[in-house]
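What follows is each chain in one-letter form.
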Amino acid sequence: GFGTEVAKNRGFDLRGHVNKRLVAGGIKPDEIAWISDYNTHAKKEALFRSMREGKVKVLFGSPKNMGTGVNVQKRLVFEH
């Protein structure tokens, strides 16, 4: 994972760093999502709907969490 637990163990919060850089670049905090925060099917479906509607513009997740079956590419510009 990313975030506070990793920061405690490794001394660096990648998630915080990435969020800060994106916000500094003009993306609103509520337009950035980490799929690990959406731990139920209903929450993930709501997130995916927000992605398709353009409300969430940046989504982070692993291939395990965002692989087969995640259909949010309606407005996709880049996928890494």
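Everything here concerns the structure above.
Parameters and conventions
Residues numbered from 1 in each chain as written. Predicted model: local features only at pLDDT ≥ 70, side-chain atom pairs only at ≥ 80, totals over all residues. Heavy atoms only, no water. Core = buried A, V, L, I, M, F, W, Y, C linked by side-chain atoms within 4.5 Å. Buried < 20%, exposed > 50% of the residue type's maximum accessible area, 1.4 Å probe, protein only. Helix = DSSP H or I, 4+ residues; strand = E, 2+ residues; numbered from the N terminus. Contact = heavy atoms within 4.5 Å. Expected span 1.5 Å × (residues − 1).

**Q** Just to check I follow, could you spell out the nonpolar core for this structure?
**A** Note that soluble globular proteins tend to have their nonpolar side chains buried in a common cluster. In this structure, Ala 33, Ile 35, Leu 47, Phe 48, Met 51, Val 56, Leu 59, Val 70 and Val 72 together form the largest nonpolar core, which totals nine residues. The biggest single contributor to this core is helix α3 (residues 41-53), with three residues. For Val 70, the contacting residues outside a window of four places in its chain are Phe 48 and Asn 65.

**Q** Honestly, α3 in this entry has me stumped. Any pointers?
**A** In an α-helix there are 3.6 residues to a turn, and that puts residues three or four apart on one side. Over its 13 residues, α3 runs 18 Å from end to end, which matches the ideal 18 Å to within 8%, given 1.5 Å per residue. Buried positions along α3 lie against β1 (32-34) and β2 (58-60). Positioned one or two residues after α3, Gly 54 has a phi angle of 85°, which is positive.

Keep in mind that these numbers describe shape and distance, not what the molecule does.
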